[in-house]
Amino acid sequence: PKAAFVYATCIVGLIGDDVEAVCKKMSQEKGIPVIPVQSEGFRGNKREGYMAACNAMFRLVGTGDTTGISPLSINIFGDFNLAGEIWIIRDYLTRMGIEVVANVTGDGRVADIERCHGAALNVVQCSGATLDLAKMMQEKYGTPYIRASYLGIEDMADSLYAIAEHFQEKDPEVMARTQAVVKEELETLIPQLKQYRRDLEGKKAAIYVGGAFKAFSLIKAFRHLGVKVVMVGSQTGTKEDYKELSEITDPGTVIVDDSNPLELSHFIKELDVDLFVGGVKERPIAYKLGVAFCDHNHERKEALEGFVGMLN
């Protein structure tokens, strides 16, 4: 391995400075970065876990050589390369003339993360997982960041346009290349979506995902298929997230926060839902109720990002 991450846990009887000292010693012995993840006993909630991970990875940033990095360069933050999704996004960016320096964390490389401070822009997909890392880099290296989503037609296109807009002063042609990429993808996608819409028009969907950012994109994606979202919620949404959800959903849509299986089951039955979108914990609910299920968890084998992901 190019680096090792060591978790500070009560199990091994090491906390704080002890783990720091052990990691320093092992770095010298092994000749690779050995990085403490300060999460004693895996304390706290999901957000604290994100922060512990970002703090650990930030130790790698700034330790590599940035020679040769393009002025039109980004880091992709918060994508986990499920079903090869990051390769789909990188293909679009390559066609736009944008260099990707590092992926954090899907298909990531230690050497890339070490030099990612040389990139001109951080593009943060999942609002929770890596936003803190982007903020740390902005504070220390002055690297700006934008938030993006690669799910659905609008958000995928908007994310590419936002990247192009950021670099337009450096390369006036970047927007034209981006428009060509989007046009080419949509010319293939739209005729195929029309076939599905004929069968899906009027169906009802319920969405319950980890982060609200995904829910925004899914609501827009379903509209292209004629599917009405009658319930939506997330585990880690903020007040601002729910305010935005209320603005983009139809009147009467049920919006839930950190719901339990009984509550989700109640609404799915009451709203006569045709399709339930969720993760691994929600799958049994759909199976028991005899409702179609769209697997949106971190073990799925089907790419859902990008224009091809919309078709999938």
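Residues numbered from 1 in each chain as written. Predicted model: local features only at pLDDT ≥ 70, side-chain atom pairs only at ≥ 80, totals over all residues. Heavy atoms only, no water.

A. Geometry of the side chain of T253. Looking at the element boundaries, T253 is found in the loop between α9 (239-248) and β9 (254-257). Since its relative accessible area comes to 13%, T253 is described here as buried. Reaching out from T253, the side chain makes a polar contact with the backbone oxygen of V229 at a distance of 3.3 Å. With sequence-adjacent residues up to four places away left out, T253 is seen in contact with V229, V230, M231 and V232. (Helix = DSSP H or I, 4+ residues; strand = E, 2+ residues; numbered from the N terminus. Buried < 20%, exposed > 50% of the residue type's maximum accessible area, 1.4 Å probe, protein only. Polar contact = N/O pair within 3.5 Å; in protein donor to acceptor, adjacent residues only side chain to side chain. Contact = heavy atoms within 4.5 Å.)

B. View of the packing of helix α2 (residues 46-58) against helix α5 (residues 131-141). Contact pair α2 / α5: the axes reach a minimum separation of 9 Å and the direction vectors enclose 40°. The angle between α2 and α5 places the two elements in the oblique class. For the pair α2 and α5, the crossing hand works out as right-handed. Taking contact as the criterion, the partners of M51, C54, N55, M57 and F58 in α2 are, on α5, D132, L133, M136, M137, K140 and Y141. (Axes fitted to C-alpha atoms, helices over the stretch in contact; angles between N-to-C directions. Parallel < 35°, antiparallel > 145°, perpendicular 65-115°, else oblique. Left-handed = near helix turned anticlockwise from the far one by under 90°.)

C. Examining the nonpolar core more closely. Core analysis: the biggest nonpolar cluster contains 51 residues, and I74, L93, I98, F167 and I207 have the highest contact counts within it. The greatest single-element share of this core, amounting to 8 residues, is contributed by helix α8 (residues 212-224). The residues touching F167, leaving out its near neighbours within four places in the chain, are P71, L72, S73, I74, I98, A120, L121 and V174. The next biggest cluster of nonpolar side chains, apart from the first, holds 24 residues, and it includes M57, V61, I69 and A102. (Core = buried A, V, L, I, M, F, W, Y, C linked by side-chain atoms within 4.5 Å.)

D. Quick peek at the environment of G68. Position of G68 among the secondary structure elements: in the loop between α2 and β3 (73-79). For the pair formed by G68 and G118, sequence separation is 50 residues and the distance between their alpha carbons is 9.3 Å.

E. Region of the structure containing the sheet that holds strand β10 (residues 275-278). The sheet built from 5 strands is open, its strands ordered β9-β8-β7-β10-β11 with parallel pairing. Each having just a single partner strand, β9 and β11 (292-295) make up the two edges of the open sheet. The sheet shows a mean angle of 15° between the axes of neighbouring strands, direction not considered. Here strand β7 (residues 204-209) pairs with strand β8 (residues 228-234) via 6 bridges, running parallel. Across the sheet, A205 pairs through a bridge with V229, a residue of β8. In the packing of α9 onto the sheet, the strands contacted are β8 and β9, and the crossing angle to β9 comes to about 165°. Helix-sheet contacts for helix α10 (residues 261-270) involve β7, β8, β9 and β10, and the interaxial angle to β9 is about 170°. (Pairing = 2+ DSSP bridges.)

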